[in-house]
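# Examination of the molecular architecture
Below are the chains, spelled out letter by letter.
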Amino acid sequence: MKDIKIQMKGITKQFSTDAMDTHALRGVDLTIRSGDYVSISGPSGCGKSTLLSLLGLLDSPTSGQYFIEGKDVARLSLAEAAAIRNEKIGFVFQSFNLIDELSVFDNIALPLRYRSKGMDEAEITARVNHCLDKVEMAHRAQHRPTQLSGGQQQRVAIARALVGTPAILLVDEPTGNLDSTNGDIVMEMLAQLNREGTTLCMVTHDSRYANMASTRLQLRDGVMLDTAQREAA
Amino acid sequence: MSGFGYELRQALASLRRAPGFVATVALTLGLTLGALVCMFGINRLLFLAPLPYPDQQRLYVAQGVVLDQGQEAFRGLHTYPALMQMYQQGGVFERAAVLNFGKAFLTSDPNQPRLNVTYASSGLFDLTGAPLKLGRTFQQGEDVGSSVPSAVLSYQAWATQFGSDPSVVGRKISIDSASYTVVGVLAKDYAEPQLHSLERSTDIYLPWELNPRDKQAREDWENFDSNIMLVGRLAAGVTPDQASAALTEPLNRRFRAQTAGIGQFATITVEVAMLSFAQAITGDSKRVALMLLAGVAALLVIAAANVSNLFLARTAQKQRQLSIQATLGANRGHLFRTMFTESAVVMGIAGLAATGVAALCFGLLHSFAQGKVPRLGELGLDAWSVGFVLLASLLLALVFAALSIRMVNYGALAAALQSGGKGSGLQVSQTTRKVLIASQIAVAAVLLVANFGLLKESVAVLMRPAGFETQDLYELTLNEGERGLSPEEKQQQLASIGAELRAWSNVAGVAAAGTGPTSTSVWATTLLRELGGNEKFKTNSNRVDADYFNLIGLPMAEGRSFSAQESRERAPLIVVNETLAKAINPDGSAIGATLYWNKNTEPFRVIGVVRDVFLPTVPPAQRLYLPGPAELNLVVKVKPGQQLDQAAVVAMLAKVNSSLRINKLAPVQQTYRSLLARDITTAAITGLLTVLALFLAGVGVYGVLSYSIKLRRHELGIRMAIGASPRRIAGLVYRDSLRPVAWGFGISAVAGVLLYLFARKQLDSVLELGAWPPVLSVVLIMLAVLLACWLPLRAILREWPVRSLRGDGAL
């Protein structure tokens, strides 16, 4: 049995304003094991991105339990959550979210520079170069993100997510801002990473890409559908 | 027009939803622009606006200059016969007037108020085109050489002393003991040329010939007087230099002939310098006005920089709206028009506020700056002021709109809309952020240092001790009346009055002096090292009795004061001040030195050195004290908490001599404070400017830094998303902010040095910086910097990263 990387139990997320309360997630349970390739899809507004934000410790749940490699991370402080994000999670955003003023190399190296136990430059360089090779972007290491195409930027973002050897790679609509050709390239890259052992959890609204995952989950109105519900839907 | 109407409606609707933004811009720019309009008004009057007199550019004062061995010794003085010679000389002025500034009692009034009187020839009213309220001015028959006792009232005197009586023309009035007939009242809008001093306004004009000089004084070529003046309109084709030469040569020849054989005048010559009315009236006010204009303009620059940041932040907030407009086909011009309409509306509101502030400033100046600002009566909200506000508001609106549109990446707008709102925020370049921060810091630092420096100077003048006591002292100046008293009679009167006052239970002591301790008048005399020698000292002299120095608390630095006998006998002894003592003997003591004073062939011996006194507006002078007062002037020390009652003094004087009247009875402290009035006003203005500068600098520094951090919110969200701890983020932000701050300080230091090198002379005369203005400025700016970084950063670090990535929440 593969190790459990991620486990969520009864996760809810509620957004409150003066006018109303919005239940973005209602009692979501989720287990992701080592080497899994999980896709989460659903209609617009169903809570996919909210779930991914909670998974990536970019936000905190209203209630429920959340474990990463057995460690309870549901009620961490902001500083503790940052440390977990840095060491355990790699995040790939739909809009790439690279820092324009840094080179490709420096963008990828950034998570390593935030390690609490400092790394020496030689090791940082080695790991960054390894990731650049992996995403086939070594020849653009000194370019700025604004000098790259969308597909190239997304590959750099993937490299940045991988450089810290995270326990899990969280991917939010990776092809949302790409044309179909580049989208296919990126999805093939993610599939290759999974085949090499990287645990992946991807949010997508594209059923074609969702079906590339080994485990396909669906969200509807903040509720994770079980298999029967999915087939009926 | 309908397109403009649409834009205007949209702008108003948009601004209605941002009342804080509108209020901040209106307040910030309203205050500074209003102050600038006021300073502009003053400078326009002083530099550009012609004087309100016919042919004003040809109006000049023939200013007397006394030279000693070719070096200027005194300026602005004439002897009476010299003045008359120039007045009667033809070929220089096509119309001239002689003036004598004095004071007299309106004895036909039960209160016998003392009024400012100007004895003038009829030419004065022609030269100034004086408008009339009632009656007429002097006619030819009431001119020089005539003794027709006519009087012309100023509007203010007519209103305050005569109750605005419309039938005042033809009324008989008594001035001192002479009777005059009122022939006219000047109009309210007559701008009397303030040729004597800014503080003095004439109440009554009397004919020149009736000035109180006796025959001997009118023929005296040796005594110079600053209260008599010759003014005129230059004849056609005569330049000021030609006029000066034409008047100087015959005057100097006559003066030298009249003073030949008088030892102290052996090396003295006289010249006539032509001073335009404009120069005479404005004096050195132009320099101060220009500096104030520069100071307020710098404040406006800071305010505009602050407001620019607000506009930039507003532009960032409106990105979605701009994106939609771009997607629907709006080009840069359309977007500029949108922004310009909005900025014009905001600037219109600020302009209205500025107009109100300017009107308030003018009102305050009229109330508190009378006698301190030349041509103040002509200052007010006029077409020039309103035009300046309109132009400035329009220019600023254009600048803000242009700045805002420059920040918009038009090419990326449509793409930004397609990002679906999933955290594709606007990233502004680091260089732009740094330039904004550095420039804001540089301007704030220069402004704060300059303001603190000016404030330091003003406060230093106010805090500097006078060198003598001002508490519990009164100056009592008496008028001896028409008959006049001989020197012996004056001595007797002084002794009698002194004895009477000393007998009062509230009086602690009495001393007599030619002029009191707060007098700014000059009795210019010369002290010679040797009889007939070349080495001489220019001195301001005073005659005092034995009790004077002790009574006013002016300590002796060396030697002693006069004894009562020496004072009575007017012994050939002198006491000098420290400045004169140092000139007499730079390396040792002046005690025992023998010198020759004025025409006396008998030497005077120095028996004491007294400390220097410091009077505001009076430059340090070599002072000399002689024994035996010659005028009816007393200094009275009362017991602590006591006062001198004028009625009681009047009653006492009536017992001693019924002809005596009180010219002045005033506490020394009050007189000293009135001398400080200009410095108090300057300190108040610089204090206000400093507070305003502090406020604007603080708001500006906070605005630009917090705006800069807010712009990085998305970037900081990315860093937090990939694992940067809050401490790392804080360190990054502080390091990135402090670098341009350091650059800003560096730029301000360089700017300060360059400014000093460029304008050293002007700056040295008004500013002596020292260490604490720059240190305090740096400390205050750094406090603002730290606060400006911490507050927005704290808001970002307290949120989960997802909010920064999405641009959620209000910062």
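Residues numbered from 1 in each chain as written. Chains lettered and ligands numbered in written order. Predicted model: local features only at pLDDT ≥ 70, side-chain atom pairs only at ≥ 80, totals over all residues. Heavy atoms only, no water.

With that settled, the discussion passes to the overall build of chain B. For chain B, the helix and strand inventory stands at 26 helices and 22 strands. Considering chain B as a whole, with its 811 residues, one finds that 50% of them fall into the buried category. Summarising the internal contacts of chain B: among those between residues at least 6 apart in sequence, 81% fall at separations of at least 24. Entry remark: accessible area of chain B is about 36400 Å², with carbon and sulfur atoms responsible for 57%. (Helix = DSSP H or I, 4+ residues; strand = E, 2+ residues; numbered from the N terminus. Buried < 20%, exposed > 50% of the residue type's maximum accessible area, 1.4 Å probe, protein only. Contact = heavy atoms within 4.5 Å. Areas by Shrake-Rupley, 256 points an atom, 1.4 Å probe, with all protein chains shown as cover.)

Moving on, we come to the environment of glutamine 56 of chain B. One can find glutamine 56 of chain B in the loop between α2 (19–48) and β1 (59–68). Apart from residues lying up to four places away in sequence, glutamine 56 of chain B is in contact with Pro50 and Leu51 of chain B.

Residues and elements named next belong to chain B. Reading across from one edge, β13-β21-β12-β22 is the order of the four strands in this open sheet, with antiparallel pairing throughout. The strands lining the two open edges of the sheet, one partner per strand, are β13 (507–512) and β22 (661–667). Going from strand to strand, the sheet's axes swing by 20° on average, the running direction of each strand aside. Judged from the six bridges that link them, strand β12 (residues 473–479) and β22 form a sheet pairing that is antiparallel. Looking at the pairing, tyrosine 474 lines up with proline 667 of β22. Packed on one face of the sheet, helix α20 (residues 668–675) meets β12 and β22 and runs near 80° to β22. (Pairing = 2+ DSSP bridges. Axes fitted to C-alpha atoms, helices over the stretch in contact; angles between N-to-C directions.)

Further remarks concern helix α15 (residues 487–502) of chain B. Across its 16 residues, α15 of chain B extends 22 Å between first and last C-alpha, which sits within 8% of the 22 Å expected from 1.5 Å per residue. Where α15 of chain B is buried, its residues contact β12, β13, β21 (633–638) and α19 (646–656) of chain B. (Expected span 1.5 Å × (residues − 1).)

With that settled, consider the sheet that holds strand β5 (residues 71–72) of chain A. Strand order in this open sheet of four strands is β2-β1-β4-β5 (chain A), and the pairing throughout is antiparallel. Each of the sheet's edge strands pairs with one partner strand only, and the pair in question is β2 (21–33) and β5 of chain A.

What follows concerns the confidence of the model for chain A. Any segment with low pLDDT has predicted coordinates that should not be analysed in fine detail. With 96% of its residues at a pLDDT of 70 or more, chain A shows a mean pLDDT of 88. Of all the helices and strands in chain A, helix α8 (residues 227–232) of chain A carries the lowest mean pLDDT, 50, while strand β8 (residues 200–203) of chain A carries the highest, 94. (pLDDT = per-residue confidence, 0-100.)

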